[in-house]
Amino acid sequence: MPAKNPRLTITLQPSLAAQLRKLSELTGNSQSALIGDLLEGSGPVFDRMIQVLEAAKTAKESMRGKLADDMEQAQAKMEGALGMVMDGFDQFTGSLLDEAEAVTRRARRKAPASGARTPAGGHGAAAPTPMSNRGVRYDPKATKDIAQSRSSVRPKAAKAGAKTRGGK
């Protein structure tokens, strides 16, 4: 048969549990009865806390909706202002960009006179060779000639005045 009053299980700090046990011994009431009597006196406080928390929850939900609307309006205003700024920026810099692109196109059209490389970026420095080809050219005939001419290979000359082992 179920109990007429709901039962709860609570966890207390050891010091509080000792105090409750001592009160129970001194008053002759059970610990459960002591806790029930203490909480019964707090009923009006609990009612007020429930009202405040429900009002806070309602206010939070309405504020969330209002905040979302306000954020959307602010975003629309910012996008409008940014659009005007970008239009003005395009207006003022459009001719400058056209002139810069025309200069770049003219520089590309000019071919070097004798096959010489043009400086990269106009700074007077030669452009680096691509990573895949560091300027080395494969010439099969030259490679074959070098490999077959073993007679022209001279032994490495000894250094003049170099010290040698053995006390010469």
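Quantities reported herein were computed from a predicted structural model and do not represent experimental measurements.

### Remarks on the overall build of the chain
Phase 1: Summing up its helical and strand segments, the chain has 4 helices and 0 strands in all.
Phase 2: As displayed, the chain has an accessible area near 16,300 Å², and 60% of this comes from carbon and sulfur atoms.

### Some details on the side chain of S24
Phase 1: With respect to the helices, strands and loops of the structure, S24 is situated in helix α1 (residues 14-27).
Phase 2: Residue S24 is classed as buried on the basis of its relative accessible area of 15%.
Phase 3: At a separation of 2.5 Å, a polar atom in the side chain of S24 contacts the main-chain carbonyl oxygen of N29.

### Describing the packing of α1 against helix α2 (residues 31-40)
Phase 1: Their axes nearest at 9 Å, the elements α1 and α2 cross at an angle of 100 degrees. Judged by the angle between their axes, α1 and α2 are roughly perpendicular. Contact with α1, carried on its side by L20, R21, L23, S24 and T27, involves Q31, L34 and I35 of α2 and no other residues of that element.
Phase 2: For the contact of α1 with α2, a count of residues per class yields 4 nonpolar, 3 polar and 1 charged.

### Quick look at the pattern of salt bridges
Phase 1: Evaluated as defined, the whole model comprises 1 salt bridge.
Phase 2: As a salt-bridge pair, K66 and D70 come within 3.2 Å of each other at their nearest N and O atoms. Here K66 pairs with D70, and both are found in helix α3 (residues 43-109), just 4 residues apart, close to one helical turn.
Phase 3: Residue class for K66 comes out partly exposed when judged on its relative accessible area of 46%.

### With respect to a nonpolar patch on the surface
Phase 1: Together, L39, V45, F46, M49 and L53 give the surface a local cluster of nonpolar side chains, amounting to about 490 Å² of exposed area.
Phase 2: Per-element tally for the nonpolar patch: the top contributor is α3, with 4 residues.

### Observations concerning the confidence of the model for the chain
Phase 1: Chain-level pLDDT for the chain is 76 on average; 61% of the residues reach the 70-or-more range.
Phase 2: Looking over the chain, one finds the lowest element-wise mean pLDDT in helix α4 (residues 140-148), namely 66, and the highest in α1, namely 94.

Rules and cut-offs
- Residues numbered from 1 in each chain as written.
- Predicted model: local features only at pLDDT ≥ 70, side-chain atom pairs only at ≥ 80, totals over all residues.
- Heavy atoms only, no water.
- Helix = DSSP H or I, 4+ residues; strand = E, 2+ residues; numbered from the N terminus.
- Areas by Shrake-Rupley, 256 points an atom, 1.4 Å probe, with all protein chains shown as cover.
- Buried < 20%, exposed > 50% of the residue type's maximum accessible area, 1.4 Å probe, protein only.
- Polar contact = N/O pair within 3.5 Å; in protein donor to acceptor, adjacent residues only side chain to side chain.
- Axes fitted to C-alpha atoms, helices over the stretch in contact; angles between N-to-C directions.
- Parallel < 35°, antiparallel > 145°, perpendicular 65-115°, else oblique.
- Contact = heavy atoms within 4.5 Å.
- Nonpolar A, V, L, I, M, F, W, Y, C, P; charged D, E, K, R; others polar.
- Salt bridge = Lys/Arg side-chain N within 4 Å of Asp/Glu carboxyl O.
- Patch = residues over 30% accessible without salt bridge, like charges linked within 9 Å, V, L, I, M, F, W, Y side chains within 5 Å.
- pLDDT = per-residue confidence, 0-100.

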